[in-house]
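Residue-level listing of the chains:
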2 protein chains.
Amino acid sequence: MKKRTPAVETAVTMAARQRDISVSEFFLKNRHLLGFDNPRRALLTTVKEAVDNALDACEEAGILPELAVDMTELADNRFRVSVTDNGPGIVRNQIPRVFAKLLYGSKFHRLRMSRGQQGIGISAAGMYGQLTTGSATRIDSRVDGRRAHHIEVQIDTRRNTPAILKDTETDWQPLFPKADGGALASGHGTCVSIDMEASYVRGRLSVDEYLKQCAIVNPHLQLHYRVSLRPKETAPEVNADAAEKAPPAPEAWTTFSRASGELPKTPLEIKPHPHGVELGLLMQMLKGSEARTLKSALATDFSRLSPANAEAICLQAGLDPKAKPGQIAHHESEALYKALNAAKLMRPQMDCLSPIGEDLMIAGLKKETPGAFYAAVSRPPAVYRGNPFQIEAALACFQSGPGSGEPSADEPVQVLRFANRVPLLHQAGGCAITKAVTSVNWKAYGLSQPRGSLPLGPVVVLVHMASVWVPFTSESKDSIAHYPEILREMTFALQELGRQLGVHLSRRDRLAEQERKQRYIELYLPHLALGLRQILSLSEPEETRLRDRLRDMLERSRTDS
Amino acid sequence: MKKRTPAVETAVTMAARQRDISVSEFFLKNRHLLGFDNPRRALLTTVKEAVDNALDACEEAGILPELAVDMTELADNRFRVSVTDNGPGIVRNQIPRVFAKLLYGSKFHRLRMSRGQQGIGISAAGMYGQLTTGSATRIDSRVDGRRAHHIEVQIDTRRNTPAILKDTETDWQPLFPKADGGALASGHGTCVSIDMEASYVRGRLSVDEYLKQCAIVNPHLQLHYRVSLRPKETAPEVNADAAEKAPPAPEAWTTFSRASGELPKTPLEIKPHPHGVELGLLMQMLKGSEARTLKSALATDFSRLSPANAEAICLQAGLDPKAKPGQIAHHESEALYKALNAAKLMRPQMDCLSPIGEDLMIAGLKKETPGAFYAAVSRPPAVYRGNPFQIEAALACFQSGPGSGEPSADEPVQVLRFANRVPLLHQAGGCAITKAVTSVNWKAYGLSQPRGSLPLGPVVVLVHMASVWVPFTSESKDSIAHYPEILREMTFALQELGRQLGVHLSRRDRLAEQERKQRYIELYLPHLALGLRQILSLSEPEETRLRDRLRDMLERSRTDS
């Protein structure tokens, strides 16, 4: 081997090597940050990103969503994933950037609850497909009353821009399977299809589990899916090439039927609340304001600030309410920042959130996990770093028994985590929800709980965080960061559920005890009465009367105790 | 309150709201991803990013690094952080982008071990300072033989570009404290200074702990630091304003002295290894290749491919070695990809790595944690996703006893985590190192270990991963992702340490047992000899001889047993 010696660098040689890093290159190298670290997770992440986008689009357009998720194993470790929706469609000139440019979208810059927020997900899935199979993302989309577009795109990762490989008009219509085996066409919708290295495994982290939980918290969703696998070969050596070319026969569709014909309440967009805005951001907002005076800048660019309020705050900060907002000096901004934070203001308005609601959470749990006892809590909305959020939680407790097929009393409770109606499957360990469930003292509510662990018992716990901005611990959006305000709200919700569970469990224990006593009375009373009749020589009617009075008496003493 | 109803969207209205998201805006909103979720962690992250950059620059320029980290509490929850180094300096026109542009740097695009890799860190610290205090990042930098530059920059977050607020030439020189209280000037170096919302707390996640661990794995580093806090007020209401204006008196410097006058071996840059390159990347590399034939493209753009090898692989894939690399079709690339992966090739060369080495790990542990028993292991280099990496581990085991001030036998072992010589403090739970330590069966080596937890005992475990690309679980670079190849190497290293620890512990137990027996012999032998002398009426010399022979005999039987 040749001996290599490194050159010693100087400030000048080092400067020559400095260059821009495109955001696509960054995430290509760091694809585990986006949820593409292995073939199994890549399949789930892709389905998740496509389904999230489809649901957001349908709801914004006021359309009851219908989705078809189709996964076909093309070859060893290679799948085609296609997700079709009946959404409003995407206009032609947006398609390339929506599907082949990271950090592009409509949801990042507004304060309003939605599933997507970063403008990364679906383009990242396409980029992963491109990286592992060299293929392009294929999109069919049709806006109502227009012809459909078929577009194939790749990402130019060096520049984070779309490269269009195909662009035609077609008569495509989205098709959804009917129960009788036929198909129903929609006049509008989108289908995105990506070939990628992927693998399909059932279980707790599977696409099936994700879609099932999706149906729980989105009762207005009609969802079809299928996984078509290649036949397992008996002699893998022989016909490998032939088998690779033959696609598998498509499987039958599985459908989660729509349970509610009503769309969730549409959340509204809000302006930032003064109490959550950092000094630097305040300065930037003032510089960029279109208002002509400081007072009107405050009143129009922020929520919860009336003109009178705004004027009082200016005076409090020693500033002229009629000053030009773009000409406020640094130390003046600091004074304004302090005055804003000291002012008593209404909390942020909450119509930017669309919680699931206690009834629907219980209905969802009942549908997928029929059980004995349910409880649900919606906390009042709260605020972290100026962002409104709301925590909801629900719980199902089973009558656990051997052979019941229900979760065992000796196993940790099952925790279902959701953020803005999206199920979170991966990275449970780092999630604020797991931390909150672990930190509650469940022993006080009748469950056993090893120190620092999840409680044990035949219980399913569901926690949902709705917010205009969910602080995820990574771009793959699997786990909620540990902001203290968020943890506190989750803990309160879980404690409230715990109290209800405790009442249920102690009532159940008491009822069981009563039943046992009741059975004793029923068992021994006739013998006792017969004995008394013989001792006291009573007639048969007298014995009956005595027995009834005895029962009354015993019963009273039992229920009094 | 006005009733607000949301507009129903269409494909056209939705398209109008789509727009670019700048990477600065993205990370400003997601600043917890970068390690700026709370004031305490922000202080640590800022010091860490500045120190990492300074060490990288010094080593690349062949300069023995000397650093001064100065933290001053300016007001409640507000600090000025200044880090000065004696590095090569930064040329004027690079300064604004290095310190005020995310995703800009020299380390991302090369395959070579370094502390920084993303081109985000120090600009993110400046952005956080700007967000929380509205101030600018101040940089002084001097290249040897030139005048110094003083530059003040902010990030224009909408466009992710630097905005230069000040730019002057000065006579600045970096100064480092001397032991006698004076200061020593260097002819070259850089100082970055940022004002930010921060708080200083001692303990396991503190700046002190970070710097201490830094000194352990960088014995060639001379490091000074100080934290100057404002005096605690007895009546906080009274003089609040005055106190806010008076900066605290500077504290004395703490110094970690340089223990080795030798720089670590400089790592070399390598080309990608064919076995770690995905199909999509292969296609992109062929398209962008400057070579004239496929064969020479393979031989020059990849490592470990000789021209003969490259030709054989082309033929194996059914391709003409003289084909133009830019004109290889999709299905041809697939064939080439398969042939490359099937070919037997040498493993990637490892001179791109600069491990710490067993001796220096033990020396580092001894310096900061003097103890009774040490062991260290350097694993042979390995590869994940085509990236060379190497795992090293070391261990110190104390004689634990009450009042010894050493870690207790009932507490979990202390795990020190390092990646490319950088200490990792946060997010221990999600880190591959923690997972590896937890998954080893330490009971086999004489430590007790609760199921699924860290082992207990008076032990410090150090694990270091050196790689051209460390896969962190988030941009804050606190925790290593769970790639199976990495976990496996860590486990092997820890098992080897465990075996050595087990030998030590069982020898220690045996020695203690021997000592106990020895003490018995010493205690009873004189009495026995005296008794025998009386019974047998021996003379004193005879008794002495008898006692010696008895001791020999007993001693032999003891050591034989």
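Everything below is about the structure shown above.
Quick notes on the rules
- Residues numbered from 1 in each chain as written.
- Chains lettered and ligands numbered in written order.
- Predicted model: local features only at pLDDT ≥ 70, side-chain atom pairs only at ≥ 80, totals over all residues.
- Heavy atoms only, no water.
- Helix = DSSP H or I, 4+ residues; strand = E, 2+ residues; numbered from the N terminus.
- Rg over C-alpha atoms; globule rule 2.2 N^0.38 Å.
- Buried < 20%, exposed > 50% of the residue type's maximum accessible area, 1.4 Å probe, protein only.
- Areas by Shrake-Rupley, 256 points an atom, 1.4 Å probe, with all protein chains shown as cover.
- Pairing = 2+ DSSP bridges.
- Axes fitted to C-alpha atoms, helices over the stretch in contact; angles between N-to-C directions.
- Least-squares fit on C-alpha atoms with pLDDT ≥ 70 in both.
- Contact = heavy atoms within 4.5 Å.
- Buried area = accessible area lost by both parts, 1.4 Å probe.
- Salt bridge = Lys/Arg side-chain N within 4 Å of Asp/Glu carboxyl O.
- Polar contact = N/O pair within 3.5 Å; in protein donor to acceptor, adjacent residues only side chain to side chain.
- Nonpolar A, V, L, I, M, F, W, Y, C, P; charged D, E, K, R; others polar.
- Phe/Tyr/Trp six-rings, centres within 6.5 Å; stacked < 30°, edge-to-face > 60°.
- Expected span 1.5 Å × (residues − 1).
- Arc of directions from axis to C-beta.
- Parallel < 35°, antiparallel > 145°, perpendicular 65-115°, else oblique.
- Left-handed = near helix turned anticlockwise from the far one by under 90°.

I'd like a description of the overall build of chain A, backed by residues and values.
Counting secondary structure elements, chain A contains 15 helices and 18 strands. For chain A, the C-alpha radius of gyration of 31 Å lies well beyond 24 Å, the compact-globule estimate for 561 residues. Seen through its C-alpha atoms, chain A measures out along the principal axes to roughly 115 × 85 × 65 Å. Buried positions account for 54% of the 561 residues belonging to chain A. Accessible area for chain A stands at about 25000 Å²; split by element, carbon and sulfur atoms hold 52% of it.

Tell me about the sheet that holds strand β6 (residues 148-156) of chain B, residues and numbers included.
All names here are of chain B. Spatially, β7-β6-β5-β10-β3-β2-β11-β12 is the arrangement adopted by the 8 strands of the open sheet, whose pairing is mixed. Only two strands of the sheet have a single partner each, and these edge strands are β7 (161-170) and β12 (254-256). Direction aside, neighbouring strands of the sheet carry axes that sit 15° apart on average. Pairing analysis gives 8 bridges linking strand β2 (residues 66-75) to strand β3 (residues 78-85), with the strands arranged antiparallel. Within the sheet, the bridge partner assigned to M71 lies in β3 and is V81.

Would you mind going over the relation of the copies chain A and chain B in detail, with residue names and values included?
Once chain A has been moved 0.0 Å along the axis and rotated by 180°, it coincides with chain B to within an RMSD of 0.2 Å. In short, the pair behaves as if placed about a two-fold rotation axis. Closest approach to the rotation axis among the C-alpha atoms of chain A is made by S474 of chain A, whose C-alpha sits 3.0 Å away.

Give me the interface of chain A and chain B: which residues, what numbers.
The interface is formed by 85 residues belonging to chain A together with 85 residues belonging to chain B. In total, about 7200 Å² of surface goes out of reach between chain A and chain B, with carbon and sulfur atoms giving 54% of it. Taken together, the links from chain A to chain B amount to 8 salt bridges. In this structure, K101 of chain A and D20 of chain B form a salt bridge, with 3.7 Å as the shortest nitrogen-oxygen distance. Taken together, the connections running from chain A to chain B amount to 32 residue pairs in polar contact (both at pLDDT 80 or more). Every element with two or more residues in the side of chain A that touches chain B is listed here: α1 (11-16), β1 (19-20), α2 (23-29), α3 (39-60), β4 (104-105), α5 (121-133), α8 (279-288) and α11 (330-342) of chain A. With 6 residues, α2 of chain A is the single largest residue contributor to the side of chain A that touches chain B. Of the residues assigned to the side of chain A that touches chain B, the class counts are 35 nonpolar, 26 polar and 24 charged. Of the pairings in the sheet, the one linking β4 of chain A to strand β1 (residues 19-20) of chain B comprises 2 bridges and is antiparallel in character.

Break down helix α6 (residues 207-217) of chain B for me, with residues and values.
The periodicity of an α-helix, 3.6 residues per turn, causes residues three or four places apart in sequence to face the same way. Within α6 of chain B, 10 of the 11 residues are buried, which leaves it mostly tucked inside the rest of the structure. For α6 of chain B, every residue scored as buried is listed here: V207, D208, E209, Y210, L211, Q213, C214, A215, I216 and V217 of chain B.

Describe the packing of aromatic side chains, naming the residues involved and giving the relevant values.
Residue and element names in this part refer to chain A. In this structure the tally under the stated criterion is 16 aromatic pairs over all chains. Arranged with centres 6.1 Å apart and planes meeting at 10°, the rings of Y225 and F256 form a pair that is stacked. Of this pair, Y225 sits in strand β11 (residues 222-228) while F256 sits in strand β12 (residues 254-256), and the two are 31 residues apart along the sequence. We classify Y225 as buried; its relative accessible area is 9%. For F256, a relative accessible area of 15% translates into the label buried. Ring plane angle 45° and centroid distance 5.0 Å describe the contact between Y384 and Y483, whose orientation is recorded as tilted. Of this pair, Y384 sits in strand β14 (residues 382-384) while Y483 sits in the loop between β18 (459-467) and α14 (484-536); the two residues are 99 residues apart in sequence, bridging distant segments of the chain.

Lay out the pattern of salt bridges in plain terms, naming residues and giving numbers.
Going through the model one piece at a time under the given rule, you end up with 48 salt bridges over all chains. With its nearest N and O atoms 3.2 Å apart, the salt bridge here joins E334 of chain B to R78 of chain A. In this pair, E334 of chain B sits in helix α11 (residues 330-342) while R78 of chain A sits in strand β3 (residues 78-85), so the two residues belong to two different chains. R226 of chain B serves as the salt-bridge partner of D70 of chain B, at 3.0 Å between the closest nitrogen and oxygen. Of this pair, D70 of chain B sits in strand β2 while R226 of chain B sits in strand β11 (residues 222-228); the two residues are 156 residues apart in sequence, bridging distant segments of the chain.

Now, about α11 of chain A: what can you tell me, with residues and values included?
Residue and element names in this part refer to chain A. For α11, spanning 13 residues, the distance from its first C-alpha to its last is 19 Å, which sits close to the expected 18 Å at 1.5 Å a residue. Among all positions of α11, only S333, L336, A339 and L340 are buried. Projected down its long axis, α11 shows its buried positions confined to an angular sector of 125°, all on one face. Of the residues in α11, the exposed ones pointing more than 90 degrees away from the buried face are H331 and A342. Its buried side turned inward, α11 meets α8, α9 (294-301) and α10 (307-316).

Before we move on, could you go through the packing of α8 of chain A against α11 of chain A and cite the residues and values that matter?
All names here are of chain A. Packing of α8 against α11 brings their axes to within 10 Å, and their N-to-C directions diverge by 115°. In this view, α8 runs roughly perpendicular relative to α11, as classed from their interaxial angle. The hand of the α8/α11 crossing is right-handed. Taken together, the residues of α11 that come into contact with α8 (itself represented by L279, L282, M283 and L286) are H330, S333, E334, L336, Y337 and L340.

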